[in-house]
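# Observations on chain architecture
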Amino acid sequence: MASHAIEVRNLYKIFGPRGADYVDQVKNGLSKTDLNAQYGHVLGLQDINIAMPAGGVMVVMGLSGSGKSTLIRHINRLIEPTSGEVLYDGVDVCRMNERDLREFRRHKTAMVFQKFALLPHRTVVENTVYGLEIQGVPTAESEKRARYWIDRVGLSGFENHYPNQLSGGMQQRVGLARALTNDAEILLMDEAYSALDPLIRVDMQSVLLDLQKELKKTVVFITHDLDEALRLGDKIAILRDGRVVQQGTGQEIVLDPADDYITAFVKEVNRGRVINVETIMKPLAGNPEGLPIAKGTVLESAARAMTSAGQSVAHVVDEAGRPAGTLALDTIIAAMVTPIGHDEAQQAA
Amino acid sequence: MALCDYLPAMLCKFPALSDSTIRAGRKTIDDGFKAFVRSYSDIIDTAVQPLQVFLNFLERLFVTSPWPIILIAMLVIVYLGSRSVRVTIGTALAMYFIGLFGLWNDAMVTLAMTTVCTIFAVLLGIPIGILMARFDRVQATVNPILDVMQTMPSFVYLIPVVMIFGIGKVPGMIAVVIYAVPPMIRLTNLGIRLVDKEVLEAADAFGSSGWQKLKNVQIPLALPTIMAGINQTIMMSLAMVVVASMVGVGGLGKNVLGAINNQFFTVGFLNGFALVAIAIIFDRTSQAFGKRLQKHSEVIHG
């Protein structure tokens, strides 16, 4: 099953009874504050244009009130847009009629929620089959598939427990199993891990990354945690006040933050785990020296390999094993620490 | 002496409509209603005939069956509902004393009536409650009606009911249902409206239809509140059978009514306590049943 890309185009959302009337004014530069003060309407999203990669993890990051949860709800239209398009496989989700929308939700999307949103009166396995039950899949078949995914998320043995009997992390595993059992091409994760303890969160991130390696779904992941965004995202969009401030790969955002707001965020990031060796390598001069390091290795791993080998120089090799550039330990360290300019920007902001 | 001596009459006596106007208006409405009832009485009688037959049948079933069978059936139902030996023994004792004081048949009549009324109130109340929860406009319309139903003295609406249906079980049942259905409707509505928005959103996100949402999410999650509504409805039906005895429903209520009229202190209390005993049996059984339905909400760890 090939996944397709999701494309969000010119999306606006204005909350309030007459939101549609103000779209043009917002397009002409009416600010969020003025819209609220003058007309009592709340600007949820403005001019969102994001191409979400097929079969990849798209992370939408922002603080509370930035509109990230509003944005993800436009993809399966739990929230109606005020104007704009959400295209999946060439079809505008926003224009679907009720029946098509229901079919789209049943077969193409699955969602994981911040507060789990499990049915308290159903056991783990009964919760997990929910999507299939709604589609009308026979019980025996859906339970078989549910048990497979319960096992994959590490909940074997808990099939007949009620959600109340499980910890938060386990409940979210049920949420994930429920979404995966649906076997949909799009996986929507709305702050799925935000309510979990830090350790369990990292654990669940690994579960998702492992599964994604074989599933290749189009995942849209909402988070307020930049570390989580950088760990999971093939592509990241940062939202502020309903507007996309910057989008790109994790490296692009860390190395070249678009404004002071993002700079402030990026300052705290462990750059050694984000930046790849090929980003900072120097062109090869003469023969490759030191130990070979594969393209795509993050700086931290490269530094670890070099220090344990006792060498201060290494060279980067591409997929075919050809040397592509040279790398010195001090360059790596310089790239791993936060640049001075960022600290100043932070103080100025 | 009074202030009124110095004030115009207008301010001292409320300017009511004249007696003749009120009399004329009253007569028009009463006569119109009577004429309406008279001209449709055949149709109304035919329409409620099946109900009448059903009520009579049920009452006969309760009264004419040998008492051991009824008692055993009751104990079995109580035990299956409550799964509690204490409640079951309590039921046996209560029924024993009711029988001992010669109230068995009257208790059976009351039991039959209460059972039918509760079933009707539940069947009527849950769908209305669901509609109210679904549509704000229905809620806005039904709520004031419920307010009137709950505050209007029951004797008042007994008047038109008796005029339309005469004296007997059917008007009694209608009076009881009018009195007992509001909590059922209100609590169903409330329960569904209080269902966790997140869970509803999840149901939407998986593509549930309206019916699937109702069946899988709203009703099960509202069940504790709906069960509280059923419990209230049972209690109110029981309370109302005394009033219903005024329009010809037999049973314990009729004895109470007789006791009031004749100042029979002992008879009044005996029948009153029999009603209380039946109420407690219903209450404990339905509450324990409701609790058992909710056993998944017990937190083990978390």
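Treat the numbers as computed from the prediction; the structure is a model and nothing was measured.

Helix and strand content of chain B: 12 helices and zero strands. Each helix and strand of chain B, placed in order from N terminus to C terminus, yields the pattern α-α-α-α-α-α-α-α-α-α-α-α. Here the C-alpha atoms of chain B give a radius of gyration of 24 Å, more than 25% beyond the 19 Å that 2.2 N^0.38 yields for 302 residues. Burial analysis of chain B (302 residues in total) assigns 34% to the buried set. Long-range contacts, defined as pairs at least 24 residues apart, comprise 76% of the intrachain contacts of chain B with a sequence gap of at least 6.

Quick look at the interface of chain B and chain A now. Residue-level contacts link 20 residues of chain B with 20 residues of chain A. With six residues, the top contributor of residues to the side of chain B that touches chain A is helix α9 (residues 197–205) of chain B. For the side of chain B that touches chain A, the class distribution of residues is eight nonpolar, eight polar and four charged.

Here we take up the sheet that holds strand β10 (residues 243–248) of chain A. Residues and elements named next belong to chain A. Taken in spatial order, the six strands of this open sheet run β6-β7-β8-β3-β9-β10, and their pairing is mixed. Every interior strand has two partners, whereas the edge strands, β6 (109–112) and β10, have only one. Direction aside, neighbouring strands of the sheet carry axes that sit 15° apart on average.

Here the focus is the UniProt feature "transmembrane region" (unreviewed entry) in chain B. Residues and elements named next belong to chain B. Here, the residues flagged by UniProt with the feature "transmembrane region" (unreviewed entry) are residues 61–81, 87–104, 111–135, 155–181, 233–252 and 264–282. Structurally, residues 233–252 comprises 65% helix and 0% strand, and the distance from its first C-alpha atom to its last is 19 Å. Across residues 264–282 one finds 95% helix and 0% strand; the C-alpha atoms that close the span lie 27 Å apart.

This paragraph deals with helix α11 (residues 252–262) of chain B. Residue and element names in this part refer to chain B. When α11 is considered as a whole, its buried residues turn out to be L252, G253, K254, N255 and V256. Of the surrounding secondary structure, the elements contacted by the buried residues of α11 are α5 (104–134), α10 (210–244) and α12 (265–293). Positive phi shows up at Q263, right after α11, with a value of about 55°.

Residue and element names in this part refer to chain A. Judged by pairing direction, the sheet is mixed, and its three strands sit side by side in the order β11-β12-β13 without closing on themselves. The sheet is open, and its two borders are formed by β11 (291–294) and β13 (323–328), each paired with just one other strand. Averaged over all pairs of adjacent strands, the angle between their axes in this sheet comes to 35°, without regard to strand direction. Pairing analysis gives four bridges linking β11 to strand β12 (residues 313–317), with the strands arranged parallel. Within the sheet, the bridge partner assigned to I293 lies in β12 and is V316. Relative to the sheet, helix α14 (residues 299–309) contacts β11, β12 and β13, its axis offset from that of β11 by approximately 165°.

UniProt's entry tags residues 107–286 of chain B with the feature "domain: ABC transmembrane type-1" (unreviewed entry), counted in the numbering of this structure. Taken end to end, residues 107–286 of chain B has its terminal C-alpha atoms 19 Å apart, with 88% of it in helix and 0% in strand.

Residues and elements named next belong to chain A. Taken as a whole, chain A is organised into domain 1 (54–74 + 97–266) and domain 2 (271–336). Contact with domain 1, which involves five residues of that partner, is made by five residues of domain 2. With four residues, the top contributor of residues to the side of domain 1 that touches domain 2 is helix α11 (residues 250–255). When grouped by side-chain class, the residues that make up the side of domain 1 that touches domain 2 number three nonpolar, two polar and no charged.

A few words on the pairing of β12 of chain A. Residue and element names in this part refer to chain A. In this region the chain leaves β11, passes through α14 and returns to the parallel neighbour β12; the handedness of that crossover is right-handed. Summarising the sheet, β12 and β13 pair through five bridges and their orientation is antiparallel. Along β13, the bridge assignment pairs V317 with P323. In sequence, β12 turns back onto β13 through a hairpin of five residues, with G321 there showing a positive phi of about 90°.

Here we come to the pairing of strand β1 (residues 6–15) of chain A. Residues and elements named next belong to chain A. Bridge count for β1 against strand β4 (residues 83–88) is five bridges, and the pairing is antiparallel. Each residue of the ladder has a partner; that of E7, found in β4, is L87. Bridge count between β1 and strand β2 (residues 42–52): seven bridges; the pairing is antiparallel. In the sheet register, L11 faces β2, and the bridge partner there is I48.

Turning our attention to the UniProt feature "domain: ABC transporter" (unreviewed entry) in chain A. Feature annotation in UniProt places "domain: ABC transporter" (unreviewed entry) on residues 30–266 of chain A, given in this structure's numbering. Secondary structure content for residues 30–266 of chain A is 43% helix and 22% strand, and the end C-alpha separation is 29 Å.

Right, let's get into unusual backbone geometry. Residues and elements named next belong to chain A. Of note in the backbone geometry, N10 takes a positive phi value of approximately 45° without being a glycine. Counting through the fold element by element, N10 comes out in strand β1. Positive phi values are uncommon outside glycine, yet D89 reaches one of about 55°. Structurally, D89 is set in the loop between β4 and β5 (91–92).

Within chain A, residue pLDDT values average 88, and 96% of them lie at 70 or more. In the model, residues 345–349 of chain A has pLDDT below 50 throughout and makes eight contacts with residues more than four positions away in sequence or in other chains.

Time to look at the confidence of the model for chain B. Mean pLDDT over chain B works out to 90, with 98% of the residues at or above the 70 mark. Per the prediction output, this complex has pTM 0.83; the corresponding ipTM is 0.82.

Residue and element names in this part refer to chain B. Between α5 and helix α6 (residues 136–151), whose axes approach to 5 Å, the crossing angle comes to 125°. Here α5 is positioned oblique relative to α6, judged by the angle of their axes. Of the residues in α6, those in contact with I128, L131 and M132 of α5 are V138, Q139 and V142. Split into classes, the residues belonging to the contact of α5 with α6 amount to five nonpolar, one polar and no charged.

Counting residues in each nonpolar core, the largest one holds 153 residues, and the members touching the most others are V60 and V220 of chain A together with V176 of chain B. Residues from two domains meet in this core; each of domain 1 (54–74 + 97–266) and domain 2 (271–336) of chain A gives at least three. Each residue touching V176 of chain B, except ones within four places of it in the same chain, is listed here: C117, S237, M240, V241 and A244 of chain B.

Cut-off values and rules
Residues numbered from 1 in each chain as written. Chains lettered and ligands numbered in written order. Predicted model: local features only at pLDDT ≥ 70, side-chain atom pairs only at ≥ 80, totals over all residues. Helix = DSSP H or I, 4+ residues; strand = E, 2+ residues; numbered from the N terminus. Rg over C-alpha atoms; globule rule 2.2 N^0.38 Å. Buried ≥ 20, exposed ≤ 12 C-beta atoms within 10 Å, placed from the backbone. Contact = placed C-beta atoms within 7 Å. Nonpolar A, V, L, I, M, F, W, Y, C, P; charged D, E, K, R; others polar. Pairing = 2+ DSSP bridges. Axes fitted to C-alpha atoms, helices over the stretch in contact; angles between N-to-C directions. UniProt positions renumbered as here; feature names shortened; annotations may be inferred. Domains from an automatic or database assignment. Right-handed = clockwise from strand over helix to strand, strands pointing away. pLDDT = per-residue confidence, 0-100. Parallel < 35°, antiparallel > 145°, perpendicular 65-115°, else oblique. Core = buried A, V, L, I, M, F, W, Y, C linked by C-beta atoms within 7 Å.

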